[in-house]
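Chain by chain, the residues:
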Amino acid sequence: MIARRELALLCMAGALAATGYTMIGLLTPLVALRFGAGPAAVGALVSAGFLLPLLMAVPAGTWADRWGARRMVRVGFLAFGVAALPMAAWPSWATLIFAFVLANLAHLVYVVGSQALVADLGDPGPAREAAYGWWTTSVAVGQAIGPLVGGFALDLFGARTGFAAMTLFMGLALALTLPMRVSGQVESAPARFEWATARRLLGDRTVGLAMLTSSAAMWASTVLYTFLPVRLELLAMPAASIGALLSLRAVVAVIVRPWMPRMVAALGGRERTVVLTLLAMSFGLFGVAVGGASWWLAGFMVVFGAGFGLSQPVSMVMVADRVAARERGAALGVRLTGNRLAQLLSPVALAVVAERLGLPPFFVLHALLVLVAALFLASLTRRKPRTGGIET
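K.L.:
Would you explain the overall build of the protein in this entry?
P.N.:
Looking only at helices and strands, the protein features 16 helices and 0 strands. Buried residues in the protein amount to 59% of all 392 residues. Of all intrachain contacts in the protein linking residues separated by at least 6 positions in sequence, the fraction that spans at least 24 positions is 86%.

K.L.:
Mind showing me how you'd approach unusual backbone geometry here?
P.N.:
For residues other than glycine, phi is negative in most cases, and the peptide bonds are mostly trans. Residue Ala236 is not a glycine yet carries a positive backbone phi of 65°. Even without glycine at this site, Leu350 takes up a positive phi of about 65°. Here Leu350 lies in the loop between α14 (328–345) and α15 (351–356).

K.L.:
For this particular structure, what's the right way to read the nonpolar core?
P.N.:
One recurring pattern in soluble globular proteins: nonpolar side chains tend to sit buried together. Ranked by internal contacts, the top residues of the largest apolar core, which has 126 residues, are Ile24, Phe80, Phe163, Leu278, Leu285 and Phe363. Ranked by residues supplied to this core, first place goes to helix α1 (residues 2–34) with 17 residues. If near-sequence neighbours (up to four positions away) are discounted, Ile24 is found in contact with Pro29, Phe80, Ala99, Phe100, Ala103, Phe163 and Met166.

K.L.:
Before we go on, may I ask you to explain the packing of aromatic side chains in this structure?
P.N.:
All told, the structure shown has 9 aromatic pairs when counted by the stated rule. Consider the rings of Tyr21 and Phe80, whose centres lie 6.3 Å apart with planes at 70°: the pair is edge-to-face. Here the residue Tyr21 occupies a position in helix α1, and Phe80 occupies one in helix α4 (residues 69–89), the gap between them amounting to 59 residues. In terms of burial, Tyr21 and Phe80 fall into one category: buried. Each ring, one from Trp295 and one from Trp296, has its centre 5.9 Å from the other, and the planes form 85°; the classification is edge-to-face. Judged by relative accessible area, Trp295 falls into the exposed class, the value being 65%. A connected cluster of aromatic rings, assembled from ring pairs, spans Phe283, Trp295, Trp296 and Phe300.

K.L.:
It is not clear to me how the packing of helix α2 (residues 39–48) against helix α5 (residues 93–120) should be interpreted in this structure. Could you clarify?
P.N.:
Any two packed helices are characterised by the angle at which their axes cross and by the distance between the axes. Put simply, α2 and α5 touch, their axes get as near as 8 Å, and they point 45° apart. With respect to α5, the element α2 is oriented oblique. Within the contact between the two elements, α2 uses Leu45, Val46 and Ala48 and α5 uses Trp93, Leu96, Ile97, Phe100 and Val101. Looking at side-chain class alone, the contact of α2 with α5 contains 8 nonpolar, no polar and no charged residues.

K.L.:
I keep staring at the environment of Ile255 and nothing clicks. Help me out?
P.N.:
Tracing the backbone shows Ile255 in helix α10 (residues 239–256). When the C-alpha atoms of Ile255 and Ala140 are compared, they prove to be 9.1 Å apart, with 115 residues separating the residues in sequence.

K.L.:
Teacher, can you tell me more about the pattern of salt bridges here?
P.N.:
Pairs can form between side chains of opposite charge whenever their charged atoms are close. Using the criterion set out here, one finds 3 salt bridges in the structure. Of the charged contacts, one joins Glu233 and Arg34 as a salt bridge, the two residues approaching to 3.5 Å between their closest N and O atoms. Within this pair, whereas Glu233 is found in helix α9 (residues 205–234), its partner Arg34 is found in helix α1, the two being separated by 199 residues in sequence. Glu271 is the salt-bridge partner of Arg205, the closest N and O atoms lying 2.5 Å from each other. Placement of the pair is Arg205 in helix α9 and Glu271 in helix α12 (residues 270–290), with a sequence separation of 66 residues.

K.L.:
How should the packing of α12 against helix α13 (residues 294–320) be read in this particular structure?
P.N.:
α13 packs onto α12 with a crossing angle of 150° between their chain directions and a minimal axis gap of 8 Å. In this view, α12 runs roughly antiparallel relative to α13, as classed from their interaxial angle. In this structure, the crossing between α12 and α13 has a hand that is left-handed. Looking at the contact of α12 with α13 residue by residue, the classes come out as 18 nonpolar, 6 polar and 1 charged.

K.L.:
Which parts of the structure should I look at to understand α9?
P.N.:
Residue pairs three or four apart in sequence face the same way in an α-helix, which turns once every 3.6 residues. Under the 1.5 Å per step criterion, the end-to-end length of α9 is 44 Å for 30 residues, consistent within 8% with the ideal 44 Å. Along α9, the largest kink reaches about 30° and is centred on Phe227; proline Pro229 follows within four residues of it. Burial runs high along α9: 26 of the 30 residues are buried. Backbone geometry just downstream of α9 places Ala236 in the positive-phi region, at approximately 65°.

Cut-offs applied
Residues numbered from 1 in each chain as written. Predicted model: local features only at pLDDT ≥ 70, side-chain atom pairs only at ≥ 80, totals over all residues. Heavy atoms only, no water. Helix = DSSP H or I, 4+ residues; strand = E, 2+ residues; numbered from the N terminus. Buried < 20%, exposed > 50% of the residue type's maximum accessible area, 1.4 Å probe, protein only. Contact = heavy atoms within 4.5 Å. Core = buried A, V, L, I, M, F, W, Y, C linked by side-chain atoms within 4.5 Å. Phe/Tyr/Trp six-rings, centres within 6.5 Å; stacked < 30°, edge-to-face > 60°. Axes fitted to C-alpha atoms, helices over the stretch in contact; angles between N-to-C directions. Parallel < 35°, antiparallel > 145°, perpendicular 65-115°, else oblique. Nonpolar A, V, L, I, M, F, W, Y, C, P; charged D, E, K, R; others polar. Salt bridge = Lys/Arg side-chain N within 4 Å of Asp/Glu carboxyl O. Left-handed = near helix turned anticlockwise from the far one by under 90°. Expected span 1.5 Å × (residues − 1). Bend = angle between axes of the 7 residues up to and from the residue.

See below:
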């Protein structure tokens, strides 16, 4: 009963935090364009926001193991709220960069803590899949609301109001964690992370498959969230309409995630499922490249959202079920390192194509990259698993 209560509080806090995070994801490229940036400059700004999270992902996982995941969640919410305040008061290039960089670091902190707490609130197997399904569903709800709120705020009131709203959402998320009792603390966790542990984790076949899936999915999602607003802004589409399209992707994720255990079983297991998720996201990026009508884009947002909606929770469970409790935060940090590397590189990879040939060829090339990752993942899943692995 306590576990359900704790999970419910964490899910509500996660939804509020995701609302704020997707707002900054939409507003940053649009505000940068209004400051005079081109596609390459927008990509560089977004990429810069993921440098510190890339370096800190694994240590953050170890901190969650050592000091308690609940504390990590609270610190992350607080830091994100602080990050948005300067942009709400003094909009400028400097405050935009500050907000985006610090917000992404804060996002890493509370995501690592949240994922570790969810693992503690669900037993291995279907129960843990269900717990991750509910938490990621709540996050997807916030991801559905955030772009709409951000788009309408930008159109009706301006960037300051949007960033002020982010602080409000993060404050509410922090308040919801105050009654939580489960801390996720593991007294025997190592004081600091040893990189040999990362190599050992990556040597496990299941962890490797999960990391490849999560990284490729995050690559596709970052490209979509960064450059679809740029493309549609250049086509004079209102920010609210852009937000609605991005929200549709998240709505689909909301729909599929509670059914994750059944869908994984119907698709033939976790490994086959993750291959199909990458194929769906590749197809979605290709559709964005070849059409610009709202109804066309909406259809491919549905395909993309279904793939992304399954890719993240399935890969989380694949990692969480393969490691001992004392190393769960570190293992999830290793997974997030791959995510942050993808988010660091994808906005600037092929940026010259966006500047010289336009955004449609840019989306096509990224769709092909994700397709290659899906085919490589499929080849790995056909190999016979090695004996041994990580103790659980």
